[in-house]
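Letter by letter, the chains look like this.
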Amino acid sequence: MRGLDVYPRLVSPRMPEGYEPAAERLSTGVRGLDEMLDGGLWRGTTTLLAGPSGGGKTTIGLQFAFEGSLRDEPTLYMSFQENPTQLRRTIRGLGFDVAELERRGLDLVYASPVELQIDSIIVDLFRRIEQRGVRRLVLDAVGDLASAATDPQRLHDYLYALVQHLAVRTITSVLNFETTSNTIEHSGMQNAMSYLSDNVLLLTLDGEDRTRRKLRVLKTRGSAHDTRVREVEIGPGGLSVLR
Ligand SMILES: Nc1ncnc2c1ncn2[C@@H]1O[C@H](COP(=O)(O)OP(=O)(O)O)[C@@H](O)[C@H]1O
Ligand SMILES: [Mg+2]
């Protein structure tokens, strides 16, 4: 018989005195995106990557993770949708060497938001962050955590505390968020998530004759950014921004 597991509730960390965000830009690993971000993402920031199903969130999230691994930064990719077998297949399809990436510190993890409570998912996340000294994190996708949380307020509190913890540890994160349309809703969880995030990117899908993928930067805290809507394509090597 299994005993009772007790998980501490995540609370916001105390910001150390003189806390300063790291003044260093990191490459996203996505061709053309760093230029849109005025040179990359500031280390220690949280980026919300929103868009509809099939928009390219998982692809960009994986590229961001690969970039970290290739620079020998311990990287954690936690999926709530695809198990490691499915993820490995996707990674191979993009032309990357999974074994090499894993050898260089990429940790691919699947957590089922249907079977697990949010407390246990968060405890597992922080255990991995501490054990491996994680510097880059991707959560794919945070909206899936709704089914692991008992109510929306609780989920919001968790995500708020999580973002603060990542900032204190200067972990650079990409939080994917699946939207039901080509916009970010100005209410509910999407709105709360964009408010919490330093940077917000939005992928969209449209086109009559063929699917056109587009990417825009909606916000970058403390930095200029490209205000144009840019067409992107997914192919070997991943997603890239077209000229
Ligand atoms: N190696 C590849 N070559 C071309 N297109 C790909 C490749 N891998 C994935 N895609 C395309 O990317 C799209 C899925 O993107 P994905 O990142 O999974 O979207 P999301 O996570 O936003 O739902 C699919 O339409 C798929 O066909
Ligand atoms: Mg996806």
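Here's a quick rundown of the structure. Only a predicted model underlies this, so the values are computations on that prediction, with no experimental measurement involved.

### Focus: the nonpolar core
Inside soluble globular proteins, nonpolar side chains tend to come together where they are buried.
Inference 1: With 36 residues, the main nonpolar core has Ile118, Leu125, Ile129, Leu139, Leu159, Leu162 and Met193 as its most contacted residues.
Inference 2: Broken down by secondary-structure element, the contributors of at least two residues to this core are β3 (46–51), β4 (75–79), α5 (118–132), β6 (136–140), α6 (152–168), β7 (172–178), α7 (188–196) and β8 (199–206).
Inference 3: In terms of residue count, the dominant contributor to this core is α6 (7 residues).
Inference 4: Residues contacting Leu125, with those up to four places away along its chain left out, are Leu76, Met78, Leu137, Leu139 and Leu162.

### Here's the deal with the packing of α5 against α6
Inference 1: Two elements in contact, α5 and α6, have axes separated by 12 Å at closest approach and are oriented at 5 degrees. In terms of orientation, α5 and α6 fall into the roughly parallel class. Here α5 contributes Ile118, Asp119, Ile122, Leu125, Phe126 and Ile129 to the contact with α6, which in turn contributes Arg154, Leu155, Tyr158, Leu162, His165 and Leu166.
Inference 2: Broken down by class, the residue content of the contact of α5 with α6 amounts to 9 nonpolar, 1 polar and 2 charged.

### Quick notes on the pattern of salt bridges
Inference 1: All chains considered together, the criterion is met by 23 salt bridges.
Inference 2: Between Arg154 and Asp119 there is a salt bridge, with its nearest N and O atoms 2.9 Å apart. Placement of the pair is Arg154 in helix α6 and Asp119 in helix α5, with a sequence separation of 35 residues.
Inference 3: According to the relative accessible area criterion, Arg154 is buried, its value standing at 16%.
Inference 4: The class of Asp119 is buried, set by a relative accessible area of 11%.

### Brief notes about unusual backbone geometry
Inference 1: Geometrically, the link from Asp140 to Ala141 is a cis peptide bond, its omega value of 0 degrees lying close to zero.
Inference 2: Tracing the backbone shows Ala141 in the loop between β6 and α6.
Inference 3: Positive phi is not limited to glycine here, since Asp72 has a value of about 60 degrees.
Inference 4: Checked against the element boundaries, Asp72 lands in the loop between α2 (57–70) and β4.

### Focus: the sheet that holds β8
Inference 1: Pairing is mixed across the open sheet formed by 9 strands, whose spatial order is β5-β4-β6-β7-β3-β8-β9-β10-β11. Taken across any chain shown, the strands that pair with only one partner, and hence form the sheet edges, are β5 (106–110) and β11 (238–241). Sheet twist, expressed as the mean angle between neighbouring strand axes with direction ignored, is 20 degrees.
Inference 2: Examined bridge by bridge, β6 and β7 share 4 bridges and lie parallel to one another. Its bridge partner being in β7, Val138 is matched across the sheet by Val174.
Inference 3: Docked against the sheet, helix α3 (residues 84–93) engages β4 and β5, running at close to 130 degrees with respect to β5.
Inference 4: Against the sheet, α7 touches β3, β7, β8 and β9 (212–220), its axis set at about 160 degrees to β7.

Conventions and cut-offs
- Residues numbered from 1 in each chain as written.
- Chains lettered and ligands numbered in written order.
- Predicted model: local features only at pLDDT ≥ 70, side-chain atom pairs only at ≥ 80, totals over all residues.
- Heavy atoms only, no water.
- Core = buried A, V, L, I, M, F, W, Y, C linked by side-chain atoms within 4.5 Å.
- Buried < 20%, exposed > 50% of the residue type's maximum accessible area, 1.4 Å probe, protein only.
- Helix = DSSP H or I, 4+ residues; strand = E, 2+ residues; numbered from the N terminus.
- Contact = heavy atoms within 4.5 Å.
- Axes fitted to C-alpha atoms, helices over the stretch in contact; angles between N-to-C directions.
- Parallel < 35°, antiparallel > 145°, perpendicular 65-115°, else oblique.
- Nonpolar A, V, L, I, M, F, W, Y, C, P; charged D, E, K, R; others polar.
- Salt bridge = Lys/Arg side-chain N within 4 Å of Asp/Glu carboxyl O.
- Pairing = 2+ DSSP bridges.

Any link to function would need more than the numbers given here.
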